[in-house]
Amino acid sequence: MYSLYKTLLGDLADVLFPASCAGCNRALVRSEEVICTNCLTRLPRFDDSQELENRLAGRLPVAAIAGYLKYETGGLTQRLLHRLKYRGQRQIGLILGTQFGAWLRQQPFWQEVEAIIPLPLHPTKEKKRGYNQSALLTQGISDATGLPVLNDVVQRLRPSASQTRKSREERWHNVAGIFAVKDTAAIAGRHVLLVDDVLTTGATLEACGQTLLEAGAEKLSLAVLAVAM
Ligand SMILES: [Zn+2]
């Protein structure tokens, strides 16, 4: 009887205060959480691996690079990532990370990856936001794949690098020294996968990846949830 009341009260709460989808604002039905089924099935998939390789060509020796979604101005991916980064909706990171992980698991290169590392935020920024969105994505990927996460291996020493109107060499000097590896033993001789939320120029990812390789990682692969178009 109690559970019947609970169910009825739950239904009543859903009617009075319906949770809405983070992607389209439509009211969620009971089986849905945070993102509605319709939005999940129409996530704009990125499928141009050549474009990804071109974007980082010659800058960083990577074993593989994977991108999952297209990031377009005003698009669904942008709306979801905005909620994840600026509206405190952490579950979006776990949900999208799990979806990304389920796809990654089917890619051939995945068999070789030994551990996953989220691109770190600067501590000041992480404290302000309360979490690192890339760490949530990484947790989702780990949930879907069973691979270990190395959370405190690499540290961000400087908040950001401005990249506008700089030559490639100037850009490199600008990003050099942003990251430092705290625990070299954790990555020594291993194939690590570095995870970030959005790929634009790739300068930050490049700097972090370079730092991991210099500190002794055997191989580096990259996974970005979304690729800016
Ligand atoms: Zn929706």
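Owing to the predicted nature of the structure, the values given are computational and were not obtained by experimental measurement.

## Some remarks on the coordination of the zinc ion
Every protein donor of the zinc ion is listed here as C21 (SG), C24 (SG), C36 (SG) and C39 (SG), and their distances to the metal cover 2.3 Å. Coordination at the zinc ion is tetrahedral, judged from the four donor atoms that bind it and the angles of 108 to 112° they form at the metal. Judged by its relative accessible area of 30%, C24 is partly exposed. When its relative accessible area of 0% is taken as the criterion, C39 is described as buried.

## Some details on the packing of helix 4 (residues 76–86) against helix 5 (residues 90–104)
Packing of helix 4 against helix 5 leaves a shortest axis separation of 7 Å and a crossing angle of 130°. With respect to helix 5, the axis of helix 4 lies oblique. Touching L80, R83 and L84 of helix 4 are R90, I92, G93 and L96, all from helix 5. Its residues assigned to classes, the contact of helix 4 with helix 5 shows four nonpolar, one polar and two charged.

## Examining the packing of aromatic side chains
A complete count under the given rule lists four aromatic pairs for this structure. Here the aromatic rings of F109 and W110 are separated by 6.3 Å at their centres, their planes lie at 80°, and the arrangement is edge-to-face. Owing to a relative accessible area of 16%, F109 belongs among the buried residues under this scheme. Within the aromatic cluster, the residues linked to one another by ring pairs are Y68, F100 and W103.

## Digging into the packing of helix 5 against helix 7 (residues 133–145)
Between helix 5 and helix 7, the shortest axis-to-axis distance is 6 Å and the interhelical angle comes to 45°. Between helix 5 and helix 7, the angle falls in the class oblique. Note that helix 5 runs across helix 7; the crossing there is right-handed. Where helix 5 approaches helix 7, its residues R90, G93, L94, L96, G97, T98, F100, G101, A102 and L104 are matched on the opposing element by L136, L137, Q139, G140, I141, A144 and T145. Its residues assigned to classes, the contact of helix 5 with helix 7 comprises nine nonpolar, seven polar and one charged.

## Let's talk about the sheet that holds strand 1 (residues 64–71)
Spatially, 1-6-5-2 is the arrangement adopted by the four strands of the open sheet, whose pairing is parallel. Only two strands of the sheet have a single neighbouring strand rather than two, namely strand 1 and strand 2 (115–118). Here the strands of the sheet are splayed against their neighbours by 20° on average, with no regard to which way each runs. As paired strands, strand 5 (residues 191–199) and strand 6 (residues 219–228) are joined by eight bridges and run parallel to one another. Residue V195 lies in a different strand from strand 6, and its bridge partner there is A223. Together, strand 1, strand 5 and strand 6 form the strand contacts of helix 4, whose direction differs from that of strand 1 by roughly 100°.

## Here we look at the environment of A223
As for its placement among the helices and strands, A223 is situated in strand 6. Between the C-alpha atom of A223 and that of V195, which follows or precedes it by 28 residues, the distance is 4.9 Å.

## Some thoughts on helix 7
With 13 residues, helix 7 should cover 18 Å at 1.5 Å per step; its first-to-last C-alpha distance of 19 Å lies within 8% of that length. A large share of helix 7 lies buried, amounting to ten of its 13 residues. When we look at burial in helix 7, the residues that qualify are Q133, S134, L136, L137, T138, G140, I141, S142, A144 and T145. Buried residues in helix 7 make contact with helix 4, helix 5, strand 2, helix 6 (123–129), strand 5 and strand 6. Where helix 7 begins, the capping side chain belongs to N132, and its oxygen is found 2.9 Å from the backbone nitrogen of S134.

## Quick notes on the pattern of salt bridges
Per the counting criterion, the structure on display carries five salt bridges. For the salt bridge of R26 with E32, the shortest nitrogen-to-oxygen distance reads 3.5 Å. With relative accessibility at 12%, the residue E32 sits in the buried group. For D197, the salt bridge is made with K85, and the minimal N-O distance between the two is 3.2 Å.

Conventions and cut-offs
Residues numbered from 1 in each chain as written. Predicted model: local features only at pLDDT ≥ 70, side-chain atom pairs only at ≥ 80, totals over all residues. Heavy atoms only, no water. Donors = N, O, S within 2.8 Å, 3.2 Å for Na, K, Ca; no water. Tetrahedral: all angles 85-135°; square planar, octahedral: opposite > 155°, others 65-115°. Buried < 20%, exposed > 50% of the residue type's maximum accessible area, 1.4 Å probe, protein only. Axes fitted to C-alpha atoms, helices over the stretch in contact; angles between N-to-C directions. Helix = DSSP H or I, 4+ residues; strand = E, 2+ residues; numbered from the N terminus. Parallel < 35°, antiparallel > 145°, perpendicular 65-115°, else oblique. Contact = heavy atoms within 4.5 Å. Nonpolar A, V, L, I, M, F, W, Y, C, P; charged D, E, K, R; others polar. Phe/Tyr/Trp six-rings, centres within 6.5 Å; stacked < 30°, edge-to-face > 60°. Left-handed = near helix turned anticlockwise from the far one by under 90°. Pairing = 2+ DSSP bridges. Expected span 1.5 Å × (residues − 1). Polar contact = N/O pair within 3.5 Å; in protein donor to acceptor, adjacent residues only side chain to side chain. Salt bridge = Lys/Arg side-chain N within 4 Å of Asp/Glu carboxyl O.

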